[in-house]
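Chain by chain, the residues:
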Amino acid sequence: MDDPAASGKERDRSGRAPSRKQPDRRAAALALARAVGISVGLLTAYYLLPFDERGTGNTSVLLTIGLVAVFLVFGWEVRAIVQSPHPRLKAVEALVATLVMYLVLFASGYYLLERSTPGSFSEPLTRTDALYFTLTTFSTVGYGDITARSQTGRVATMLQMAGGLMLVGVAARILAGAVQAGLRRQGREPPQQ
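Now for a quick tour of the structure. Computed from a predicted structure; not experimentally measured.

### Here's the deal with the side chain of S39
Thinking step 1. On the secondary structure map, S39 appears in helix α2 (residues 25-48).
Thinking step 2. Once residues within four sequence positions are removed from consideration, S39 is found in contact with V96 and V100.

Written out as structure tokens, the structure is:
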């Protein structure tokens, strides 16, 4: 029988040499639970927080501060991915947190805009309507049942579209790079040539 010490390779219970360290089920379940918890928490806050109706200036401030917060959270998540013992799982968490935060931010902005300037959209928006409009815009489906009518609404929608493209393209690339850096740090992936 082969001696693992003699071959220089460790063996698992079945006698096979493991090809890579895979995250255990507990770590995967924990990552999934955190991603779901973040999503539920952000959506709950969206529906429960009292929004005021003080004008589009405040909506612009909300969107600006919110976008800065999304970038800061994203940057923090990238660092956490590199340091994580399970960088792939942490990247999924980071993507979920960033995406949900981004979508809730724009839904809040649309809701506040419609409340402060009625007629900004083709119909009055409830919180659910604002979230629906945000998701159809983000997914590029754009059914057309709710449309931005005011200049402010259109500018906010264009910002969401451009940000969504960046989130999908640039952020995904950055997260993939962070995963690779985390795996290299652990010696689980060879350095790039």
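### With respect to helix α6 (residues 151-185)
The α-helix advances 3.6 residues per turn, and as a result positions three or four apart in sequence lie on the same side.
Thinking step 1. Taking 1.5 Å as the rise per residue, α6 with 35 residues should run 51 Å; its terminal C-alpha atoms sit 48 Å apart, in good agreement.
Thinking step 2. A maximum bend of about 35 degrees is found in α6 at L167.

### Considering a nonpolar patch on the surface
Thinking step 1. Taken together, the side chains of F71, M166, V170 and I174 define a hydrophobic patch exposed on the protein surface, amounting to about 390 Å² of accessible area.
Thinking step 2. At 3 residues, α6 tops the list of elements feeding residues into the nonpolar patch.
Thinking step 3. Position of M166 among the secondary structure elements: in helix α6.
Thinking step 4. Residue M166 is classed as partly exposed on the basis of its relative accessible area, which comes to 46%.

### Regarding the packing of helix α4 (residues 87-116) against α6
Thinking step 1. As a packed pair, α4 and α6 sit with axes 10 Å apart at the nearest point and diverge in direction by 170 degrees. It follows that α4 is roughly antiparallel to α6 by the angle criterion.
Thinking step 2. The residue makeup of the contact of α4 with α6, split by class, is 16 nonpolar, 8 polar and 1 charged.

The rules behind the values
- Residues numbered from 1 in each chain as written.
- Predicted model: local features only at pLDDT ≥ 70, side-chain atom pairs only at ≥ 80, totals over all residues.
- Heavy atoms only, no water.
- Helix = DSSP H or I, 4+ residues; strand = E, 2+ residues; numbered from the N terminus.
- Contact = heavy atoms within 4.5 Å.
- Expected span 1.5 Å × (residues − 1).
- Bend = angle between axes of the 7 residues up to and from the residue.
- Patch = residues over 30% accessible without salt bridge, like charges linked within 9 Å, V, L, I, M, F, W, Y side chains within 5 Å.
- Areas by Shrake-Rupley, 256 points an atom, 1.4 Å probe, with all protein chains shown as cover.
- Salt bridge = Lys/Arg side-chain N within 4 Å of Asp/Glu carboxyl O.
- Buried < 20%, exposed > 50% of the residue type's maximum accessible area, 1.4 Å probe, protein only.
- Axes fitted to C-alpha atoms, helices over the stretch in contact; angles between N-to-C directions.
- Parallel < 35°, antiparallel > 145°, perpendicular 65-115°, else oblique.
- Nonpolar A, V, L, I, M, F, W, Y, C, P; charged D, E, K, R; others polar.

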